[in-house]
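Notes for the structure review
Here are the chains, one letter per residue:
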Amino acid sequence: MREIFNDEQKKLRGRFMEMGIDASEQIYLATKSFLDKDVKLAQEVVDRDSLVNEEELVLEKQALKIIALHQPLAAEFRSVITVLKASSDVERIADHAVHIARETLILDDLRHELKTLDEVDEILANVTAAVRKMLEDVLDAYVKGDEQKAYEVANADLDIDRAYATAQKIVISEMKDNPKGIEYGSHYLTTVRLLERIGDHIVNLAEWIVYSATGHLVELNPGKADRRQIDKAAKENTKKTKQQAPKTEDK
Amino acid sequence: MLEVKNLKLFYGDNEALHGINLEFKDKQITALIGPSGCGKSTLLRTLNRMHDDNQNVRIEGLVSLDGKDIYQKDTDLLDLRKNVGMVFQQPIAFPMSVYNNVAYGLQVAGIKDKAALDAAVEKSLKQAALWDEVKDMLDKSGLSLSGGQQQRLCIARALAVEPEILLLDEPTSALDPISANKVEETLVSLKGKYTMVAVTHNMQQAARISDWTAFMMNGDLVEYGKTKEMFISPKEQRTDDYLNGRFG
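Residues numbered from 1 in each chain as written. Chains lettered and ligands numbered in written order. Predicted model: local features only at pLDDT ≥ 70, side-chain atom pairs only at ≥ 80, totals over all residues. Heavy atoms only, no water.

Some remarks on the overall build of chain B
Along its length, chain B carries 10 helices and 10 strands. For 248 residues, the compact-globule formula gives about 18 Å, and the C-alpha radius of gyration of chain B, at 18 Å, lands near that figure. Taken along its principal axes, the extent of the C-alpha atoms in chain B is 55 × 40 × 30 Å. Considering only residue pairs separated by 6 or more positions, chain B has 66% of its internal contacts joining residues 24 or more positions apart. When the accessible area of chain B is evaluated, it comes to approximately 11400 Å², of which 48% is carbon and sulfur surface. (Helix = DSSP H or I, 4+ residues; strand = E, 2+ residues; numbered from the N terminus. Rg over C-alpha atoms; globule rule 2.2 N^0.38 Å. Contact = heavy atoms within 4.5 Å. Areas by Shrake-Rupley, 256 points an atom, 1.4 Å probe, with all protein chains shown as cover.)

This is the structure we're talking about:
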């Protein structure tokens, strides 16, 4: 029985990793389609949406089966619950990527309305790289049960929030100067916002990894509507990171 | 308050319990879990001196009930076992009527008043969640009841003498799931009235019914804590391993 359970757990973890990697790929392709104005690529991202959705369904079924048949407890219970809950966040991340691709498709018809926002494009490229790094780090933290790394990922989201606020300002300013480009600009705002939301979902993943490693349910993603709150959260999370560090060394 | 301090038990030269320290919380259920041979039933049996008849057993340390050492020479064993009742794995209904099965302890104690006996039998059967099923067949043999009913009859018998503590040695392991569920519900309903200590191999049962859990291994108490916490985030790796069946 033990071997069957280990095998099931291994499969579950493997599939969760695959799902995470696919979601990361979707983020990359979606933002690339947006920045390159590549309608064909955007359509490919939209078409691939069902892949991650199906992966989530398979994971859920497998996790529920493990809970029903093997009734895991303690660390193994936490690990299965983590996959069950975290897979929903990964699915949402992939959904946001698809929405970015849809923005590319809509934007194609409006290109004449606003001059290219190079500065924002650069922010978008940087944020995309940063959220993918966060996602990869959080998956790595999951595999290693590394609570410390999960906290670090949550901290990294604060930079995403800052970049979001900066990009938002630039786009709004452009929209004021060029009212004809308001509709175009609104799609830019949506895309930046979607990347920011992806960052939030990755922080949710980090929370589940902390739960898996320690059994503690934590909130690493308080509502951060303005810069003051972002800075406050940054301070608190830095404190948490420092507090957690010795624990990780103990392990 | 039932408490053991530095409790050691020897079977001949073999030390089976290595200095256990444990306070059983009043009016709550404590589950004793651990692999076979870890000493949990041995510990349970020290709590009402069930080892007394075994000449090969020697006990050191303290088992105290309400501040009194139960192993003192002047302890009245009948009083102790009335105060610390025990329910075993196999339901042991006596070959007598349902009524007499429950009234037995009181009758042995010399109570003859029919009204008092009637009241005690009804109260105990109600507490054991058996009254509705047997109220019209109190004269029938206890042996005619189902296994689950017999186990609740044994609980009623233990409760009739108004104990403070109820010891349960794998109380549902011989029962089918429905009967086991009835017994579990009965035990949960008795929280707040009696202090209960239950040995169980059924982890899900321990998780469902107990407030506190003590995990034992090789005669040691490895971990003791609130059940909800221990089953989700045990502090010891050995507890985690046992809960997930990596040994035992």
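Additional details are given in the paragraphs that follow.
Overview of the interface of chain B and chain A
Between chain B and chain A, the residue contacts involve 11 residues of the former and 12 residues of the latter. Of the roughly 930 Å² buried where chain B meets chain A, counting both sides, 47% is carbon and sulfur surface. The tally of links between chain B and chain A comes to zero salt bridges. Of all the secondary structure elements, the ones that give two or more residues to the side of chain B that touches chain A are helix 8 (203-209), helix 9 (227-232) and helix 10 (237-243) of chain B. Counted by class, the side of chain B that touches chain A contains five nonpolar, four polar and two charged residues. (Buried area = accessible area lost by both parts, 1.4 Å probe. Salt bridge = Lys/Arg side-chain N within 4 Å of Asp/Glu carboxyl O. Nonpolar A, V, L, I, M, F, W, Y, C, P; charged D, E, K, R; others polar.)

Digging into the packing of helix 4 (residues 114-127) of chain B against helix 6 (residues 147-160) of chain B
Two measures define how a pair of helices packs: the angle their axes make with one another and the distance between the axes. Residue and element names in this part refer to chain B. In contact at an axis separation of 8 Å, helix 4 and helix 6 are set at 130 degrees when each is read in the N-to-C sense. As far as their axial angle goes, helix 6 and helix 4 are oblique. Helix 6 is crossed by helix 4, and the crossing has right-handed handedness. Together, S124, L125 and Q127 of helix 4 and L153, A156, L159 and A160 of helix 6 make up the contact between the two elements. Its residues placed into classes, the contact of helix 4 with helix 6 shows five nonpolar, two polar and no charged. (Axes fitted to C-alpha atoms, helices over the stretch in contact; angles between N-to-C directions. Parallel < 35°, antiparallel > 145°, perpendicular 65-115°, else oblique. Left-handed = near helix turned anticlockwise from the far one by under 90°.)

Regarding unusual backbone geometry
Residues and elements named next belong to chain B. Unlike most non-glycine residues, R49 shows phi in positive territory, near 60 degrees. Within the secondary structure layout, R49 lies in the loop between helix 1 (40-46) and strand 4 (57-65). Positive phi, close to 45 degrees, is recorded for E170, a residue that is not glycine. By secondary structure assignment, the location of E170 is in the loop between strand 7 (165-169) and helix 7 (177-189). Judged by relative accessible area, E170 falls into the buried class, the value being 15%. (Buried < 20%, exposed > 50% of the residue type's maximum accessible area, 1.4 Å probe, protein only.)

Some points on the UniProt feature "domain: ABC transporter" (unreviewed entry) in chain B
Look at the UniProt record and you will see "domain: ABC transporter" (unreviewed entry) annotated at residues 2-243 of chain B. Between the first and last C-alpha atoms of residues 2-243 of chain B the distance is 26 Å; the span itself is 37% helix and 26% strand. (UniProt positions renumbered as here; feature names shortened; annotations may be inferred.)

Some points on the nonpolar core
The biggest cluster of nonpolar side chains holds 69 residues, and the ones touching the most others in it are V120 and I202 of chain A. Those elements that provide at least two residues to this core are helix 1 (2-36), helix 2 (39-47), helix 3 (49-70), helix 4 (74-107), helix 5 (118-144), helix 6 (147-177) and helix 7 (182-214) of chain A. One finds A103, L117, V161 and M196 of chain B within the second-largest nonpolar core, a separate group that totals 37 residues. (Core = buried A, V, L, I, M, F, W, Y, C linked by side-chain atoms within 4.5 Å.)

Things to note about the packing of helix 5 of chain A against helix 6 of chain A
Residues and elements named next belong to chain A. In contact at an axis separation of 10 Å, helix 5 and helix 6 are set at 165 degrees when each is read in the N-to-C sense. With respect to helix 6, the element helix 5 is oriented roughly antiparallel. Crossing of helix 5 against helix 6: the hand is left-handed. Side by side, helix 5 and helix 6 meet where E119, V120, I123, V127, A130, V131, M134, D137, V138, D140 and A141 of the first sit next to K149, A150, V153, A156, D157, I160, A163, T166, A167, I170 and V171 of the second. Residues of the contact of helix 5 with helix 6, tallied by class, amount to 16 nonpolar, one polar and five charged.

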